[in-house]
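Reading the structure
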Amino acid sequence: MRREKGINHKTFYCNELPFCSDGDKIFDIFLVSDVRYFSNERGKKWLNVRLEDKSGSMSAKVWADRMEQEYEGYKGQVCYVSGMVTYYAGKPDFIIDKMQQVNEGEFEISEVLKVLRQDKINAYVKNILMLTNNIVSSEIKSFVSVLINESSLAQMAELPVSMKGHHSYRGGLLEHVCEVLTSSYYYAKSTAAVRDIKYDLDLIIAGAVLHDIGSLDLYKSSGYGFSVAGLDKLMGERYVTMNILEQTLNECMIDGVTIGKETYGLLIHIINASHGHTQAQTMEAMVVQNMNRLSAELEMYENCCTSNKISQNCKDFVWSKELKREITMIRRDK
(Lines give C-alpha, C1' and ligand atoms only; values in the text may rest on other atoms or scores of the structure.)
Protein backbone atom coordinates (compact mmCIF):
# COMPACT_ATOMS: atom_id res chain seq x y z
CA MET A 1 0.00 0.00 0.00
CA ARG A 2 1.21 3.50 -0.77
CA ARG A 3 -0.09 6.87 0.42
CA GLU A 4 -0.37 9.82 -1.93
CA LYS A 5 -1.98 13.20 -1.21
CA GLY A 6 -3.80 11.81 1.81
CA ILE A 7 -5.23 8.83 -0.10
CA ASN A 8 -4.12 5.23 0.45
CA HIS A 9 -3.67 3.31 -2.81
CA LYS A 10 -3.55 -0.43 -3.19
CA THR A 11 -0.38 -2.12 -4.37
CA PHE A 12 -1.44 -5.73 -3.72
CA TYR A 13 -4.54 -7.36 -5.22
CA CYS A 14 -6.34 -10.60 -4.41
CA ASN A 15 -5.48 -12.19 -7.76
CA GLU A 16 -1.78 -11.97 -6.85
CA LEU A 17 -2.04 -14.39 -3.90
CA PRO A 18 -1.19 -17.52 -5.98
CA PHE A 19 2.10 -15.85 -6.99
CA CYS A 20 3.20 -15.12 -3.41
CA SER A 21 5.93 -17.07 -1.62
CA ASP A 22 5.72 -18.69 1.79
CA GLY A 23 6.37 -16.04 4.44
CA ASP A 24 5.51 -13.03 2.26
CA LYS A 25 3.95 -10.22 4.29
CA ILE A 26 0.96 -8.25 3.05
CA PHE A 27 -0.41 -4.92 4.28
CA ASP A 28 -3.14 -3.38 2.16
CA ILE A 29 -6.78 -2.31 1.89
CA PHE A 30 -9.59 -4.79 1.24
CA LEU A 31 -13.35 -5.05 1.44
CA VAL A 32 -14.21 -7.52 4.20
CA SER A 33 -17.20 -9.21 2.57
CA ASP A 34 -17.70 -12.03 5.06
CA VAL A 35 -16.62 -13.01 8.58
CA ARG A 36 -17.50 -16.37 10.12
CA TYR A 37 -16.43 -18.34 13.19
CA PHE A 38 -15.12 -21.88 12.71
CA SER A 39 -13.73 -24.62 14.93
CA ASN A 40 -12.51 -28.17 14.40
CA GLU A 41 -12.89 -31.39 16.36
CA ARG A 42 -9.73 -30.58 18.33
CA GLY A 43 -11.29 -27.38 19.64
CA LYS A 44 -9.16 -25.04 17.55
CA LYS A 45 -11.03 -21.83 16.70
CA TRP A 46 -10.55 -19.26 13.97
CA LEU A 47 -12.32 -16.66 11.86
CA ASN A 48 -12.76 -17.29 8.17
CA VAL A 49 -12.57 -13.90 6.43
CA ARG A 50 -13.45 -13.24 2.79
CA LEU A 51 -11.41 -10.34 1.37
CA GLU A 52 -12.29 -8.64 -1.90
CA ASP A 53 -11.02 -5.97 -4.25
CA LYS A 54 -11.58 -5.11 -7.91
CA SER A 55 -9.47 -8.11 -9.03
CA GLY A 56 -11.54 -10.74 -7.20
CA SER A 57 -11.53 -12.29 -3.75
CA MET A 58 -9.47 -14.50 -1.48
CA SER A 59 -10.01 -16.42 1.74
CA ALA A 60 -8.06 -15.56 4.89
CA LYS A 61 -7.93 -16.73 8.49
CA VAL A 62 -7.64 -15.09 11.89
CA TRP A 63 -6.47 -17.56 14.55
CA ALA A 64 -8.04 -17.45 18.03
CA ASP A 65 -5.11 -15.62 19.65
CA ARG A 66 -5.48 -12.76 17.13
CA MET A 67 -9.28 -12.41 17.24
CA GLU A 68 -10.77 -9.08 18.22
CA GLN A 69 -14.42 -8.59 19.16
CA GLU A 70 -14.93 -5.81 16.62
CA TYR A 71 -13.87 -7.98 13.66
CA GLU A 72 -17.34 -9.47 13.28
CA GLY A 73 -18.70 -5.96 12.72
CA TYR A 74 -16.28 -5.36 9.86
CA LYS A 75 -18.43 -7.32 7.41
CA GLY A 76 -19.25 -5.02 4.51
CA GLN A 77 -16.57 -2.51 5.50
CA VAL A 78 -13.27 -1.49 3.91
CA CYS A 79 -10.33 -2.30 6.20
CA TYR A 80 -6.59 -2.19 6.53
CA VAL A 81 -5.44 -5.82 6.67
CA SER A 82 -1.98 -7.06 7.58
CA GLY A 83 -0.76 -10.63 7.67
CA MET A 84 1.47 -13.28 6.19
CA VAL A 85 1.20 -15.85 3.41
CA THR A 86 1.66 -19.47 4.42
CA TYR A 87 1.49 -22.62 2.32
CA TYR A 88 -0.52 -25.71 3.24
CA ALA A 89 -0.70 -28.78 0.95
CA GLY A 90 0.92 -26.73 -1.79
CA LYS A 91 -1.68 -23.95 -1.72
CA PRO A 92 -1.22 -20.39 -0.40
CA ASP A 93 -3.20 -19.21 2.61
CA PHE A 94 -3.34 -15.72 4.09
CA ILE A 95 -3.12 -15.52 7.90
CA ILE A 96 -4.31 -12.18 9.25
CA ASP A 97 -2.50 -10.51 12.14
CA LYS A 98 -4.54 -7.31 12.34
CA MET A 99 -7.57 -5.60 10.79
CA GLN A 100 -8.70 -2.01 11.21
CA GLN A 101 -11.51 -0.10 9.51
CA VAL A 102 -10.46 2.57 6.98
CA ASN A 103 -12.04 5.99 7.32
CA GLU A 104 -14.22 7.32 4.55
CA GLY A 105 -12.22 9.30 1.99
CA GLU A 106 -8.89 7.63 2.79
CA PHE A 107 -9.03 5.14 -0.08
CA GLU A 108 -9.89 4.99 -3.77
CA ILE A 109 -13.19 3.11 -4.08
CA SER A 110 -12.49 1.93 -7.64
CA GLU A 111 -9.39 0.06 -6.41
CA VAL A 112 -11.27 -1.80 -3.71
CA LEU A 113 -14.55 -2.48 -5.49
CA LYS A 114 -15.41 -3.31 -9.05
CA VAL A 115 -17.76 -0.48 -9.91
CA LEU A 116 -19.32 0.74 -13.14
CA ARG A 117 -18.29 4.07 -14.57
CA GLN A 118 -21.11 6.59 -14.74
CA ASP A 119 -20.92 6.75 -18.53
CA LYS A 120 -21.53 3.00 -18.68
CA ILE A 121 -24.46 3.26 -16.29
CA ASN A 122 -25.99 6.00 -18.42
CA ALA A 123 -25.52 3.95 -21.60
CA TYR A 124 -27.06 0.81 -20.06
CA VAL A 125 -30.08 2.72 -18.74
CA LYS A 126 -30.61 4.42 -22.09
CA ASN A 127 -30.37 1.13 -23.98
CA ILE A 128 -32.76 -0.72 -21.67
CA LEU A 129 -35.38 2.05 -21.86
CA MET A 130 -35.02 2.21 -25.64
CA LEU A 131 -35.51 -1.54 -26.13
CA THR A 132 -38.43 -1.84 -23.71
CA ASN A 133 -40.07 1.06 -25.53
CA ASN A 134 -40.09 -1.20 -28.64
CA ILE A 135 -42.74 -3.43 -27.05
CA VAL A 136 -45.83 -3.20 -29.26
CA SER A 137 -48.39 -4.90 -27.01
CA SER A 138 -49.97 -2.32 -24.71
CA GLU A 139 -50.68 -4.92 -21.99
CA ILE A 140 -47.07 -6.15 -21.89
CA LYS A 141 -45.65 -2.66 -22.20
CA SER A 142 -47.76 -1.37 -19.31
CA PHE A 143 -46.81 -4.32 -17.10
CA VAL A 144 -43.10 -3.94 -17.83
CA SER A 145 -43.16 -0.16 -17.30
CA VAL A 146 -44.36 -0.62 -13.72
CA LEU A 147 -41.18 -2.58 -12.94
CA ILE A 148 -38.63 -1.10 -15.34
CA ASN A 149 -38.19 2.64 -15.03
CA GLU A 150 -35.47 5.13 -14.14
CA SER A 151 -35.96 4.47 -10.43
CA SER A 152 -35.61 0.68 -10.61
CA LEU A 153 -32.73 0.96 -13.07
CA ALA A 154 -30.92 3.27 -10.63
CA GLN A 155 -31.42 0.56 -8.00
CA MET A 156 -30.00 -2.04 -10.40
CA ALA A 157 -26.90 0.14 -10.76
CA GLU A 158 -26.24 -0.39 -7.04
CA LEU A 159 -26.82 -4.16 -6.84
CA PRO A 160 -25.19 -7.43 -7.98
CA VAL A 161 -26.79 -10.38 -9.74
CA SER A 162 -25.42 -12.77 -7.11
CA MET A 163 -23.28 -12.70 -3.98
CA LYS A 164 -20.51 -15.00 -5.21
CA GLY A 165 -21.47 -16.04 -8.73
CA HIS A 166 -21.44 -14.06 -11.97
CA HIS A 167 -21.77 -10.27 -11.97
CA SER A 168 -21.30 -10.21 -8.19
CA TYR A 169 -20.36 -6.53 -8.02
CA ARG A 170 -22.08 -3.20 -7.59
CA GLY A 171 -23.93 -2.50 -10.83
CA GLY A 172 -23.52 -6.07 -12.04
CA LEU A 173 -27.31 -6.43 -12.14
CA LEU A 174 -27.75 -3.48 -14.49
CA GLU A 175 -24.90 -4.62 -16.75
CA HIS A 176 -26.16 -8.21 -16.94
CA VAL A 177 -29.78 -7.25 -17.60
CA CYS A 178 -28.68 -4.88 -20.36
CA GLU A 179 -26.52 -7.58 -21.96
CA VAL A 180 -29.21 -10.28 -21.80
CA LEU A 181 -31.88 -7.92 -23.12
CA THR A 182 -29.71 -6.58 -25.94
CA SER A 183 -28.40 -9.97 -27.07
CA SER A 184 -31.86 -11.59 -26.88
CA TYR A 185 -33.47 -8.79 -28.86
CA TYR A 186 -30.90 -8.62 -31.64
CA TYR A 187 -30.49 -12.39 -31.87
CA ALA A 188 -34.22 -12.78 -32.42
CA LYS A 189 -34.28 -9.87 -34.91
CA SER A 190 -31.30 -11.19 -36.88
CA THR A 191 -32.50 -14.81 -37.11
CA ALA A 192 -36.21 -14.16 -37.66
CA ALA A 193 -35.78 -14.39 -41.44
CA VAL A 194 -34.69 -18.05 -41.28
CA ARG A 195 -37.50 -19.18 -38.95
CA ASP A 196 -40.80 -20.59 -40.19
CA ILE A 197 -42.30 -19.88 -36.78
CA LYS A 198 -41.98 -16.22 -35.83
CA TYR A 199 -40.75 -15.02 -32.46
CA ASP A 200 -42.96 -13.00 -30.15
CA LEU A 201 -40.48 -10.18 -29.76
CA ASP A 202 -42.57 -8.47 -27.08
CA LEU A 203 -42.31 -11.53 -24.83
CA ILE A 204 -38.56 -11.82 -25.47
CA ILE A 205 -38.02 -8.19 -24.46
CA ALA A 206 -40.21 -8.53 -21.37
CA GLY A 207 -38.73 -11.87 -20.31
CA ALA A 208 -35.15 -10.69 -20.77
CA VAL A 209 -35.52 -7.41 -18.90
CA LEU A 210 -37.46 -9.04 -16.02
CA HIS A 211 -35.55 -12.32 -15.69
CA ASP A 212 -33.51 -11.08 -12.69
CA ILE A 213 -36.07 -8.66 -11.24
CA GLY A 214 -36.03 -10.60 -7.96
CA SER A 215 -32.57 -9.26 -7.18
CA LEU A 216 -34.13 -5.84 -6.45
CA ASP A 217 -35.70 -7.26 -3.29
CA LEU A 218 -33.29 -10.13 -2.60
CA TYR A 219 -30.11 -8.10 -2.07
CA LYS A 220 -29.59 -5.20 0.27
CA SER A 221 -26.59 -2.90 0.54
CA SER A 222 -24.61 -3.64 3.70
CA GLY A 223 -21.83 -1.08 4.06
CA TYR A 224 -19.79 -1.49 0.90
CA GLY A 225 -20.97 -5.08 0.52
CA PHE A 226 -24.30 -6.85 0.22
CA SER A 227 -26.50 -9.05 2.37
CA VAL A 228 -29.61 -11.19 2.01
CA ALA A 229 -32.42 -11.07 4.56
CA GLY A 230 -32.85 -14.35 6.45
CA LEU A 231 -36.31 -15.36 5.17
CA ASP A 232 -35.52 -14.36 1.59
CA LYS A 233 -32.28 -16.33 1.79
CA LEU A 234 -34.20 -19.43 2.86
CA MET A 235 -36.89 -19.04 0.20
CA GLY A 236 -34.51 -18.05 -2.56
CA GLU A 237 -34.50 -15.97 -5.71
CA ARG A 238 -37.41 -17.76 -7.39
CA TYR A 239 -39.80 -16.98 -4.53
CA VAL A 240 -38.74 -13.32 -4.37
CA THR A 241 -39.12 -12.94 -8.14
CA MET A 242 -42.59 -14.47 -8.20
CA ASN A 243 -43.64 -12.31 -5.25
CA ILE A 244 -42.61 -9.13 -7.09
CA LEU A 245 -44.41 -10.18 -10.27
CA GLU A 246 -47.60 -11.16 -8.45
CA GLN A 247 -47.66 -7.87 -6.55
CA THR A 248 -47.17 -5.98 -9.81
CA LEU A 249 -49.94 -7.97 -11.45
CA ASN A 250 -52.33 -7.07 -8.62
CA GLU A 251 -51.33 -3.40 -8.79
CA CYS A 252 -51.95 -3.35 -12.53
CA MET A 253 -55.42 -4.86 -12.08
CA ILE A 254 -56.29 -2.23 -9.46
CA ASP A 255 -55.16 0.51 -11.85
CA GLY A 256 -57.22 -1.00 -14.66
CA VAL A 257 -54.21 -2.29 -16.59
CA THR A 258 -54.76 -5.89 -17.59
CA ILE A 259 -52.38 -8.55 -18.83
CA GLY A 260 -53.97 -11.74 -20.13
CA LYS A 261 -53.57 -14.96 -18.17
CA GLU A 262 -51.96 -16.70 -21.15
CA THR A 263 -49.54 -13.85 -21.79
CA TYR A 264 -48.61 -13.69 -18.11
CA GLY A 265 -48.09 -17.46 -18.05
CA LEU A 266 -45.78 -17.32 -21.08
CA LEU A 267 -43.78 -14.51 -19.46
CA ILE A 268 -43.41 -16.47 -16.21
CA HIS A 269 -42.24 -19.48 -18.21
CA ILE A 270 -39.47 -17.43 -19.84
CA ILE A 271 -38.30 -16.11 -16.47
CA ASN A 272 -38.35 -19.54 -14.81
CA ALA A 273 -36.60 -21.20 -17.76
CA SER A 274 -33.89 -18.52 -17.83
CA HIS A 275 -32.67 -19.78 -14.43
CA GLY A 276 -33.15 -23.47 -15.17
CA HIS A 277 -36.16 -23.81 -12.86
CA THR A 278 -37.96 -25.49 -15.75
CA GLN A 279 -37.04 -26.62 -19.25
CA ALA A 280 -37.45 -24.00 -21.97
CA GLN A 281 -40.51 -25.06 -23.97
CA THR A 282 -41.04 -22.01 -26.19
CA MET A 283 -38.77 -20.33 -28.71
CA GLU A 284 -38.80 -17.15 -26.64
CA ALA A 285 -37.75 -18.99 -23.49
CA MET A 286 -34.93 -20.73 -25.40
CA VAL A 287 -33.56 -17.41 -26.62
CA VAL A 288 -33.56 -15.69 -23.22
CA GLN A 289 -32.28 -18.80 -21.42
CA ASN A 290 -29.28 -19.10 -23.73
CA MET A 291 -28.47 -15.39 -23.73
CA ASN A 292 -28.63 -15.42 -19.93
CA ARG A 293 -26.27 -18.40 -19.79
CA LEU A 294 -23.88 -16.80 -22.30
CA SER A 295 -23.71 -13.53 -20.36
CA ALA A 296 -22.97 -15.41 -17.14
CA GLU A 297 -20.34 -17.65 -18.73
CA LEU A 298 -18.51 -14.81 -20.46
CA GLU A 299 -18.34 -12.84 -17.21
CA MET A 300 -16.96 -15.90 -15.38
CA TYR A 301 -14.49 -16.43 -18.23
CA GLU A 302 -13.22 -12.85 -17.95
CA ASN A 303 -12.89 -13.13 -14.18
CA CYS A 304 -10.92 -16.36 -14.46
CA CYS A 305 -8.60 -14.94 -17.13
CA THR A 306 -7.97 -11.79 -15.09
CA SER A 307 -7.47 -13.51 -11.73
CA ASN A 308 -5.06 -16.04 -13.23
CA LYS A 309 -3.27 -13.46 -15.41
CA ILE A 310 -3.62 -15.57 -18.55
CA SER A 311 -1.57 -14.25 -21.47
CA GLN A 312 -3.06 -14.05 -24.94
CA ASN A 313 -0.96 -16.74 -26.59
CA CYS A 314 -3.09 -19.91 -26.38
CA LYS A 315 -0.35 -21.55 -24.30
CA ASP A 316 -1.78 -20.96 -20.84
CA PHE A 317 -4.69 -23.18 -19.86
CA VAL A 318 -6.30 -22.87 -16.43
CA TRP A 319 -9.18 -24.69 -14.79
CA SER A 320 -12.26 -22.55 -14.20
CA LYS A 321 -14.13 -23.81 -11.16
CA GLU A 322 -17.23 -21.84 -12.14
CA LEU A 323 -17.25 -23.00 -15.78
CA LYS A 324 -16.07 -26.52 -14.84
CA ARG A 325 -13.59 -26.69 -17.69
CA GLU A 326 -10.19 -25.47 -18.83
CA ILE A 327 -10.06 -22.14 -20.60
CA THR A 328 -7.47 -20.14 -22.48
CA MET A 329 -7.17 -16.87 -24.40
CA ILE A 330 -6.26 -16.18 -28.01
CA ARG A 331 -4.40 -13.19 -29.32
CA ARG A 332 -6.76 -10.58 -30.68
CA ASP A 333 -5.26 -7.93 -32.93
CA LYS A 334 -6.82 -4.54 -32.45
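Residues numbered from 1 in each chain as written. Predicted model: local features only at pLDDT ≥ 70, side-chain atom pairs only at ≥ 80, totals over all residues. Heavy atoms only, no water.

1. Some words on the sheet that holds strand β7 (residues 91–101)
Test applied: The pairing criterion is simple: DSSP has to find at least two bridges between the two strands. Strands here mean DSSP runs of E at least two residues long; helices mean DSSP runs of H or I at least four residues long; both are numbered from the N terminus. Angles run from 0 to 180 degrees between N-to-C directions of axes, and those axes are lines fitted to C-alpha atoms, restricted for helices to the stretch in contact.
With mixed pairing, the five strands of this closed barrel are ordered in space as β3-β4-β5-β7-β6. Between one strand axis and the next, the sheet turns through 50° on average, direction left out of account. Relative to β7, strand β6 (residues 77–88) runs antiparallel, the two being bridged by ten bridges. Note on β7: the bridge partner recorded for Y88 is K91.

2. Considering the pairing of β6
Of the strand pairs in this sheet, strand β3 (residues 25–39) and β6 are connected by eight bridges, and their pairing is antiparallel. Counterpart to K25 in the pairing with β6 is M84. Between the antiparallel neighbours β6 and β7 lie two residues, among them A89 with a positive phi of about 55°.

3. Examining the packing of helix α9 (residues 261–274) against helix α10 (residues 283–307)
Each pair of packed helices can be described by the angle between their axes along with the distance between the axes. The test is simple: Any angle that is under 35 degrees is reported as roughly parallel, and any over 145 degrees as roughly antiparallel; angles of 65 to 115 degrees are reported as roughly perpendicular and all others as oblique. By convention the crossing between two helices is left-handed if the near helix lies anticlockwise of the far one by an angle smaller than a right angle, and right-handed if it lies clockwise. Contacts are assigned to residue pairs that have any heavy atoms within 4.5 Å of one another. Gly falls in the polar group here, along with every residue not listed as nonpolar (Ala, Val, Leu, Ile, Met, Phe, Trp, Tyr, Cys, Pro) or charged (Asp, Glu, Lys, Arg).
At a minimum axis separation of 8 Å, α9 and α10 run at an interaxial angle of 30°. Considering the angle they form, α9 stands roughly parallel to α10. When the axes of α9 and α10 are compared, the crossing they make is right-handed. Residues H269, I270, A273 and S274 of α9 lie in contact with α10, whose contacting residues are E284, A285, V288, Q289 and N292. Partitioned by chemical class, the residues of the contact of α9 with α10 number four nonpolar, four polar and one charged.

4. A short note on helix α2 (residues 118–132)
Inclusion rule: A helix's residues, less one, multiplied by 1.5 Å, set its expected span.
Relative to the 21 Å expected for 15 residues at 1.5 Å per residue, α2 spans 21 Å between its end C-alpha atoms, a close match to the ideal helical length. Turning to α2, the residues buried within the fold contact α3 (138–147), α4 (150–156), α5 (172–191) and α6 (201–210).

5. Focus on α3
Within an α-helix, residues lying three or four positions from one another point in the same direction, as the helix has 3.6 residues per turn. Filter applied, for reference: Type-normalised accessible area, obtained with a 1.4 Å probe on protein chains alone, sets the label of each residue: buried when under 20%, exposed when over 50%, and partly exposed for intermediate values. An arc is given here, and it is the one of the directions from the helix axis to the C-beta atoms.
Of the positions making up α3, those classed as buried are I140, F143, V144 and L147. The buried side chains of α3 occupy one side of the element, clustering within an arc of 95° when seen end-on.

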